[in-house]
Amino acid sequence: MRAGIAVVCGMAAAMMFNAGMMDGASMKAQEAAAPMAAPAATPKEVKVDLKSSTGADAGTVTFKTVKKGVKVTIHLQDMAFGPHGVHIHQNAVCDAPDFKTAGGHFNPDGKHHGYMNMTGHHNGDMPSNVMVGEDHKGEASFVLTSISLDRNATDSLMLNGGTSVVVHEHADDEKTDPAGNAGNRVACGVVKY
Ligand SMILES: [Cu+2]
Ligand SMILES: [Zn+2]
């Protein structure tokens with residue numbers, strides 16, 4: 001019964017509003033809305049600095065909106081030779097030295113880990129590892145379709161106030177839940193804009 005009454009009242013209010021009989025109420029609504037800051041625009045590009053467990057520069061990650069999604073460009077430095085798993089994690093926190101507070105993989109779609117997983121992948125997974133050479137540098141770029149820089153998107157990197165990028169010590173096998181057996185977290189950067 002309560003719901004029924006609420007619907008009737010709502011309809012009556014809507015009809016009155018349409019008829020221009022709600023001047024007082026609509027003015028109040030405008031006053032209430034006025035002090036609110038306009039929502040910040042979606043940035044064209046977001047750059048994240050990565051830091052190692054000891055606070056040293058470990059490279060950068062750049063997110064840029066492109067036609068097919070978001071282009072993620074990863075530059076690693078001072079990193080151990082070999083392949084490294086890199087993911088977007090769900091929390092906008094990078095507490096050294098273990099970066100555990102970054103949480104699990106960014107996963108608003110509620111899937112499982114890895115591009116080679118039939119029930120995958122997490123929104124924050126990368127399609128492959130980043131190879132670091134003998135010069136301890138690595139570079140890779142991917143276009144992800146499961147993330148967005150738009151704050152209002154359901155897969156926004158600003159969901160929950162931001163996210164983070166985590167680099168792991170080993171390769172990600174792209175299929176083992178929850179994180180691809182990639183080992184310890186060796187570098188991290190907060191994604192916030
Ligand atoms: Cu990770
Ligand atoms: Zn994952």
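Scroll up to find the structure this text is about.
Read on for an overview of the structure.

Conventions and cut-offs
- Residues numbered from 1 in each chain as written.
- Chains lettered and ligands numbered in written order.
- Predicted model: local features only at pLDDT ≥ 70, side-chain atom pairs only at ≥ 80, totals over all residues.
- Helix = DSSP H or I, 4+ residues; strand = E, 2+ residues; numbered from the N terminus.
- Contact = placed C-beta atoms within 7 Å.
- Buried ≥ 20, exposed ≤ 12 C-beta atoms within 10 Å, placed from the backbone.
- Core = buried A, V, L, I, M, F, W, Y, C linked by C-beta atoms within 7 Å.

**Examining the overall build of the chain**
Counting secondary structure elements, the chain contains two helices and nine strands. Put simply, of all contacts in the chain between residues at least 6 apart along the chain, 58% involve residues at least 24 apart.

**What to know about the environment of Ala182**
Mapped onto the fold, Ala182 is located in the loop between β8 (163-168) and β9 (185-191). C-alpha separation for the pair Ala182 and Ala171, spaced eleven residues apart in sequence, amounts to 5.1 Å. When residues no more than four places from it in sequence are discounted, the contact partners of Ala182 are Gly85, His168, His170, Ala171 and Asp172.

**Some points on the environment of Ile147**
Residue position: Ile147 is located in the loop between β7 (138-144) and β8. A residue is classified by how many C-beta atoms lie within 10 Å of it, and Ile147, with 23 of them, is buried. Each C-alpha atom of the pair Ile147 and Gly124 lies 7.2 Å from the other, and the pair is 23 residues apart in sequence. Ile147 has contacts with Val70, Ile88, Asn123, Gly124, Asp155 and Leu157, leaving out every residue within four places of it along the chain.

**Here's the deal with unusual backbone geometry**
In this structure, His121 follows Gly120 across a cis peptide bond, with omega equal to 10°. Topologically, His121 is positioned in the loop between β5 (86-89) and β6 (130-132). The backbone phi angle of Phe99 is positive, close to 55°, even though this residue is not glycine. Inspection of the secondary structure assignment puts Phe99 in the loop between β5 and β6.

**Regarding the nonpolar core**
Nonpolar side chains tend toward joint burial in soluble globular proteins. Judged by nonpolar contacts, the single largest core of 30 residues is most densely connected at Leu50, Leu76, Val165, Val167 and Cys188. The set of elements that each furnish at least two residues to this core consists of β1 (45-52), β2 (57-66), β3 (69-76), β5, β6, β8 and β9. Apart from residues lying up to four places away in sequence, Cys188 is in contact with Leu50, Lys51, Cys94, Phe99, Ala102, Ser164, Val165 and Val166.

**Overview of the environment of Asp109**
Turning to its location among the elements, Asp109 is positioned in the loop between β5 and β6. Under the C-beta neighbour-count criterion, Asp109 is labelled exposed, with 11 such atoms within 10 Å. In this structure, the C-alpha to C-alpha distance between Asp109 and Ser146, residues 37 residues apart in sequence, is 8.7 Å. Beyond its immediate stretch of four places on either side in the chain, Asp109 contacts Asn123, Ser146 and Asp155.

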